[in-house]
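As a plain string of letters, each chain reads:
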Amino acid sequence: MKGLKQFILNSDEDIKILVTYRVLSLSGTSFIYITISNHDFINKFCVVLCMTLSSMLLSYLFVKNKDSVCHIKLLVWIETLGNSLILIPSGGFYSPYVWYVLNTFLIASMKLKKKYAWRVLLTYLIASLFFEWFCHNNNHKSLVFIIQDRESLILGLVLMSLGLKSVAILYRRIEKERKALVQTNKQLILAHQDLREALNYIISLYQTVLSIANQKNKPHLIRIILEYTKKITKSKKAFFIQAKSHRLYENQENKNTLQNEEFERLIVEIKNTMAKKAIIRTSESICIRGKRYRFHKVQSLSKDFGLLCIEESTPIKDTRYITFIDPLRFISDISALVFEKYELEIMNEELIVSEEQNRIANEIHDSVLQRLFSVSCGMYALLRNSTQMKEKKLAEELNFMRNTIDKSMKQLRCIIYGLSNNSAENIFEVCLRDYMKEVGKLNQVVITLVFSCQEERLSTRYKKVLYRIISECIGNAIRHGQCSFIEVKLCLLTNVLQLVIIDDGIGFEIEQQRHKGLGLRNIIQLTKSLNGCVDIKSQKLIGTTITVTLPMHTMDSKGAVV
């Protein structure tokens with residue numbers, strides 16, 4: 001009994017309802033049968049015992065086979081027949097157990113199809129009336145007379161069955177909605193977990209970008225990149241292999257864990273993998289001595305900085321919140337942007353130094369050297385005429401020269417120390433040629449530069465804008481134009497600076513790309529920032545020519561553009 005009770009308590013709600021209804025109906029009908037029936041004690045005891053045992057057995061079987069429709073059908077028909085037979089010893093249609101069929105009807109209504117329960121009730125009524133007519137027909141009444149005599153009881157059974165059917169339909173509808181709510185709740189819980197994981201992931205990415213974007217020291221920058229790479233990818237190791245030199249940078253926690261032989265083998269496998277693929281857009285995976293490594297190139301359009309690698313601990317199984325992104329590729333792309341920004345800042349500093357040196361050289365040439373030259377000429381004239389001059393006049397001339405030299409020295413003190421060699425290389429031209437050389441080599445494109453202007457006439461602002469326009473045009477020609485040759489001409493006229501960029505690519509429809517292409521919009525905006533204009537000519541399968549014209553009429557007294 002205890003085992004059956006525990007088994008039922010662990011079942012679903014519908015089973016608990018059916019069993020509870022069965023127990024209550026059995027108790028009620030048995031109590032009425034014992035108190036009202038005029039049968040002898042043995043007959044009552046046997047009937048109640050049979051009903052109790054069969055009820056317990058059928059309850060167990062119904063619970064045990066709750067998911068099997070075929071077994072439930074079989075049990076329903078067995079119980080229906082049993083309910084009909086129990087009426088024979090308990091008084092026929094006047095037995096209280098005539099209502100016990102409602103248990104079977106309720107089970108059929110809740111577990112089987114809609115019409116099945118009515119078939120069960122009809123079968124029960126036919127079998128019960130037949131047994132009533134066959135076993136309790138002492139006066140030899142006809143079957144029709146018995147049906148008419150029991151019509152109130154039959155009508156009551158039908159109405160009660162109709163009520164139970166309505167309750168069963170309502171319960172099934174509520175149960176269906178409950179299951180839908182439970183499923184929705186589970187989905188909400190999973191969505192909440194996904195949202196939390198996604199937020200944590202986005203926070204990690206934001207911290208990565210924020211941390212590496214402001215670094216000025218390259219080794220420290222690489223260390224932070226490796227730290228966040230290991231954190232986001234959840235890998236065992238993270239390391240960076242510098243391009244060309246193949247210098248290895250490891251995460252400090254796992255420093256010197258990669259053996260020389262293992263490192264050399266890794267380099268060979270990476271080269272083989274990269275040789276098989278012309279363009280690597282996703283992170284690639286290789287296996288060395290049972291260890292799985294994943295790597296991605298850190299490169300911009302103009303330069304290859306190296307490889308970002310990790311050692312995978314286990315394959316990532318739960319990737320719901322990062323199915324739209326490859327973490328290693330994302331960090332590699334961000335790192336490439338930061339490295340490029342780092343090198344651009346170095347170049348910018350060199351341009352600033354060069355600009356400052358030119359400014360100092362111009363100031364010395366226009367002021368100090370002119371005064372010193374005047375003093376030199378005056379001293380020469382004084383030496384030549386000193387024998388003919390009076391002492392007072394000679395003293396005045398010498399005093400004037402001394403004052404002139406003092407003024408020159410004071411002016412020198414006001415100038416920032418450091419000289420510019422007029423024969424030094426033009427740093428802007430050198431940077432442009434290095435950039436074009438690297439881009440051409442990386443993308444197998446021939447890029448030439450015709451540089452016919454005086455760099456000292458270009459301000460730092462002009463140099464920055466020109467460099468960005470040239471980079472954007474070359475990038476568009478390579479990425480979208482699929483060109484093999486690019487010519488860049490930079491010519492400085494009296495009041496106009498002209499930049500012409502020609503490629504032999506596939507060309508494009510200018511009006512279509514003017515509003516769609518981000519690169520063209522950047523070029524136009526950069527040109528407008530210096531009050532210039534852009535002329536774009538492109539022909540399909542012939543190439544593109546971009547002409548940028550910048551005004552140079554606004555200049556300061558030193559000839560530099562303001």
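Remember, predicted model here, so these are calculated numbers, not experimental data. (Residues numbered from 1 in each chain as written. Predicted model: local features only at pLDDT ≥ 70, side-chain atom pairs only at ≥ 80, totals over all residues. Heavy atoms only, no water.)

Would you mind going over the pattern of salt bridges with me for this structure?
Any two side chains of opposite charge can pair if their charged atoms end up close together. On inspection of all chains with the given rule, the structure shows 9 salt bridges. Here E79 ties to R22 by a salt bridge, and the two come within 2.4 Å at their closest N and O atoms. Here E79 is found in helix α4 (residues 69–90), whereas its partner R22 is found in helix α2 (residues 13–36), with 57 residues between them in sequence. Under the relative-accessibility criterion, E79 is labelled buried at 2%. A relative accessible area of 3% places R22 in the buried class. Note that D333 and R329 form a salt bridge whose closest N and O atoms lie 3.7 Å from each other. Separated by 4 residues within a single helix, D333 and R329 lie in helix α11 (residues 327–385), roughly one turn from each other. Assessed through its relative accessible area of 35%, D333 is described here as partly exposed. Judged by relative accessible area, which is 34%, R329 ranks as partly exposed. (Salt bridge = Lys/Arg side-chain N within 4 Å of Asp/Glu carboxyl O. Helix = DSSP H or I, 4+ residues; strand = E, 2+ residues; numbered from the N terminus. Buried < 20%, exposed > 50% of the residue type's maximum accessible area, 1.4 Å probe, protein only.)

What exactly am I supposed to notice about the sheet that holds strand β4 (residues 291–299) here?
Each strand in a sheet pairs with its neighbour through backbone hydrogen bonds, running either in the same direction (parallel) or in the opposite one (antiparallel). The strand order across the open sheet formed by 5 strands is β2-β1-β5-β4-β3, and the pairing between neighbours is antiparallel. The sheet is open, and its two borders are formed by β2 (248–250) and β3 (284–288), each paired with just one other strand. Ignoring which end each strand starts from, the neighbouring axes of this sheet average 25 degrees apart. Alignment of strand β1 (residues 237–242) against strand β5 (residues 304–311), held across 6 bridges, turns out to be antiparallel. Paired with F240 across the two strands is L308, which belongs to β5. In the packing of helix α9 (residues 218–233) onto the sheet, contacts are made with β1, β2 and β5, and the angle to β1 comes to roughly 140 degrees. (Pairing = 2+ DSSP bridges. Axes fitted to C-alpha atoms, helices over the stretch in contact; angles between N-to-C directions. Contact = heavy atoms within 4.5 Å.)

What exactly am I supposed to notice about a nonpolar patch on the surface here?
Together, F41, I42, F45, L49 and L53 make up a nonpolar patch on the protein surface, roughly 580 Å² of accessible area in all. If you trace the backbone, F41 turns up in helix α3 (residues 41–64). Note on F41: relative accessible area 67%, which makes it exposed. (Patch = residues over 30% accessible without salt bridge, like charges linked within 9 Å, V, L, I, M, F, W, Y side chains within 5 Å. Areas by Shrake-Rupley, 256 points an atom, 1.4 Å probe, with all protein chains shown as cover.)

How do you make sense of the packing of α2 against α3 when you look at a structure like this?
Working note: a packed helix pair is described by the angle between its axes plus the distance between those axes. As a packed pair, α2 and α3 sit with axes 11 Å apart at the nearest point and diverge in direction by 175 degrees. Here α2 is positioned roughly antiparallel relative to α3, judged by the angle of their axes. The segment α2 lies against α3, with I15, V19, R22, L26, S30, Y33 and I34 engaging N43, K44, V47, V48, M51, T52, S55, L58, S59, F62 and V63. Taken together, the residues of the contact of α2 with α3 break down into 11 nonpolar, 5 polar and 2 charged. (Parallel < 35°, antiparallel > 145°, perpendicular 65-115°, else oblique. Nonpolar A, V, L, I, M, F, W, Y, C, P; charged D, E, K, R; others polar.)

Please explain the side chain of S30 as it appears in this structure.
Residue placement: S30 occurs in helix α2. Sequence-distant contacts of S30, defined by excluding residues within four places in its chain, comprise V48 and Y97.

Whenever I open this one, the packing of aromatic side chains confuses me. Can you help?
Each aromatic ring pair is summarised here by two numbers: the centre-to-centre distance and the angle between the ring planes. Within this structure, the stated rule accounts for 9 aromatic pairs. Ring plane angle 70 degrees and centroid distance 6.1 Å describe the contact between F239 and Y293, whose orientation is recorded as edge-to-face. With a gap of 54 residues between them, F239 in strand β1 and Y293 in strand β4 connect regions that are remote in the sequence. Seen from their ring centres, F428 and F451 are 6.2 Å apart, and the 65 degrees between their planes marks the pair as edge-to-face. Of this pair, F428 sits in helix α13 (residues 427–443) while F451 is found in strand β6 (residues 446–452), placing the two residues 23 residues apart along the sequence. One aromatic cluster in this structure is built from F240, Y249, F305 and F339. (Phe/Tyr/Trp six-rings, centres within 6.5 Å; stacked < 30°, edge-to-face > 60°.)

Teacher, can you tell me more about unusual backbone geometry here?
Where the residue is not glycine, phi is negative for most of them; where a peptide bond is considered, it is trans in most cases. Phi at Q482 is positive, roughly 55 degrees, even though this residue is not glycine. Tracing the backbone through its elements, the reader meets Q482 in the loop between α14 (460–479) and β7 (485–492). Backbone geometry at N531 places phi at a positive 60 degrees, although glycine is not the residue there. As for its placement among the helices and strands, N531 is situated in the loop between α16 (518–529) and β9 (533–539).

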